[in-house]
Amino acid sequence: MRLEDKLFLNRYQTDKHPHLRIKDREVCRHCEGKPCTFICPARVYVWNEREERIETAYEGCVECGTCRYGCAHDNIDWRNPRGGFGIIYKYG
Amino acid sequence: MAERFEVVVVGAGPAGLAAALTLARAGVEVIVFERGEHPGSKNVMGGVLYRHPTEAVVPGFYHQAPLERPVVEQRLWLLTGEAALTLGYKDMVFAGEPFNAFTVLRARFDRWLADQAVAAGALLINETVVEDLLWENERVVGVRTGREGGDVRAEVVVLAEGANSLLTQKAGLKPDGINTNQLAVAVKEIIALPREKIEDRFNLEEGQGCTIELLGEATKGMLGTAFIYTNKDSLSVGVGVLLASLVRRRLNPNDLLEHLKSHPMVRSLLAGGESKEYQGHLIPEGGYQAVPKLYGNGVLVVGDAAMLVNGVHREGSNLALTSGLLAARTILAAREKGDYSEANLAPYRRALEESFVLKDLKKYQGASFFFDQNPQFFTLYPGLLSRAAREFLTVDNVPKRAKQKRILREITAARSRFQIARDLYSLWRVMG
């Protein structure tokens, strides 16, 4: 089953304000392994080769926090989505 | 003028709610902030809730709480590419009162537990993020919420914010940014199946449940476990591995889960099921050495935020509930004295040390590091054991003694007798 289809099963109350932010885009350009692009369960982070930047699809975030701790450069400003926004688990 | 309560609890999970419920029952003015739409809407675990520690918080909870199935059987599967070595224990004593453990779905159970706290007199405020602690003269005096004019003052704040413990880190109780060796990333899918199918496939009587823990190829040899738990009319299927090894191996957690689901031992259990939800969560598995400072002036830390997880036995909810209960008792004792300073909250740590919570974490304090440094237990040995079983069980007119020799030769070619003896000895040292 494709990840996109799985995320589609989840219920989200999407905030128009992203709760994830790359602190310094220059750091990503020089980041060797770019772990955020594969450790995230929801694959929120995608490296855009042409524009040399990390795209952040925060809408699918399951709010685990893996990226915050897995980024070797501590380059992700991770905040909780505003109250009531973000993932709403039906089962948990 | 800020609102004022005796106690603020940050987070409506088992730890925070155990604290809030116990305090409310004792007549303490307690307010619980939950960032989700309702308690449980952000909360995830594999799914096992233990009866004994839960009853310490809500006696007789299993008569009313939304539980899935009582666990009557626990299985352990050591997977290789196309085989599995299995071990299990089934006991009908676990099928009736007082029960041992239940599978649960947290979005339902936590909501119910919060209802109990509210019924006891706690005030629950949903959809509210606590963004910071309020400090005065080096003591915590309340919280700042994301709501406008949302400062709430309190005598003591209980941090029950979960594994991604931003406030605990901000308060300097634990270092900012947890080491990737101390965190596991887990993903899980809820897969719906008719209850009769579940009972047939898992050899269960009506309403009963079982758990399967899977090692070896289930995590592609990484430090971690996979699991399949039976709910009423769904399965919880997941895999959790150490974040450090995930980074090292450049793997994606969902790809791991799909790998597990496609294993011949697993896919037949899931066949025809319909995925309902996909979840991801961190598990703080740093063990005893990673436990942060658990108290300060006007503040206590409980549950996952306090890294109270026993990864070896996949226990967490029981440590969370017990820590919440012990935190509440400490607060009640401090309340008698009218002083919530650090010295009066320190007994919380001692109470945890005297309970199974820190005793168990201490027992396994070397385990995570040991298995990370000795990957052969998750890679080499499952393969060797599996091939030994295959050789021994293949009937091909080779005499048994010759088979034994052949097995021994293969094993000692892969790892010397001396190394095996040393592995077994250190395994016993770490786990025994």
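Quick notes on the rules
Note that residues are indexed from 1 along each chain, following the sequence as it is written. Each chain is given a letter, starting from A, and each ligand a number, starting from 1, according to the order in which they appear as written. Local features in this predicted model are restricted to residues whose pLDDT is 70 or higher, and side-chain atom pairs enter the listing and the counts only when it is 80 or higher, whereas totals over whole chains, interfaces and linings include all residues. Calculated side-chain values reflect all of the structure's heavy atoms, with hydrogen atoms and water omitted. With axes taken as lines fitted to C-alpha atoms, and helix axes fitted only over the stretch in contact, angles between N-to-C directions fall between 0 and 180 degrees. Each helix is a run of H or I in the DSSP string that is no shorter than four residues. Each strand is a run of E no shorter than two, and both are numbered from the N terminus. What sets the label is the angle itself: under 35 degrees gives roughly parallel, over 145 gives roughly antiparallel, 65 to 115 gives roughly perpendicular, and the rest give oblique. When the near helix sits turned anticlockwise from the far one by under a right angle, the crossing is termed left-handed; a clockwise turn instead gives a right-handed crossing. The contact criterion used throughout is that any non-hydrogen atoms of two residues lie within 4.5 Å. Under the scheme applied, nonpolar residues are Ala, Val, Leu, Ile, Met, Phe, Trp, Tyr, Cys and Pro; charged residues are Asp, Glu, Lys and Arg; polar residues are all the others, including Gly. Here the quantity called buried area is the total loss of accessible area, with a 1.4 Å probe, experienced by two parts when brought into contact, counted for both. By salt bridge we mean one thing: a side-chain nitrogen of Lys or Arg within 4 Å of a carboxyl oxygen of Asp or Glu.

(A) Here's a closer look at the packing of helix 14 (residues 380-393) of chain B against helix 15 (residues 400-414) of chain B. Residues and elements named next belong to chain B. Interaxial distance between helix 14 and helix 15 falls to 10 Å at its minimum, and their mutual angle equals 165°. Between helix 14 and helix 15, the interaxial angle falls into the category roughly antiparallel. Here helix 14 runs over helix 15; the crossing is right-handed. Mapping the contact onto sequence places Leu380, Leu384, Arg387, Ala388, Glu391 and Phe392 in helix 14 and Lys400, Lys403, Gln404, Arg406, Ile407, Glu410, Ile411 and Ala414 in helix 15. Considered class by class, the residues forming the contact of helix 14 with helix 15 number seven nonpolar, one polar and six charged.

(B) Up close: the interface of chain B and chain A. Facing 50 residues of chain B, the contacting portion of chain A comprises 36 residues. Where chain B abuts chain A, roughly 3600 Å² becomes buried across the two surfaces, and 52% of that area is made up of carbon and sulfur atoms. On the chain B side of the interface with chain A, the three residues burying the most area are B:Arg35, B:Glu277 and B:Tyr278, jointly 18% of the side's total. Joining chain B to chain A, the criterion identifies seven salt bridges. A:Glu63 is the salt-bridge partner of B:Arg35, the closest N and O atoms lying 2.7 Å from each other. Breaking the side of chain B that touches chain A down by element, the ones donating at least two residues are helix 3 (106-119), helix 4 (166-170), strand 11 (183-192), helix 6 (243-249), helix 7 (253-261) and strand 15 (274-284) of chain B. The dominant element in the side of chain B that touches chain A, judged by the number of residues it contributes, is strand 15 of chain B, at eight residues. Among the residues forming the side of chain B that touches chain A, the class breakdown is 19 nonpolar, 16 polar and 15 charged.

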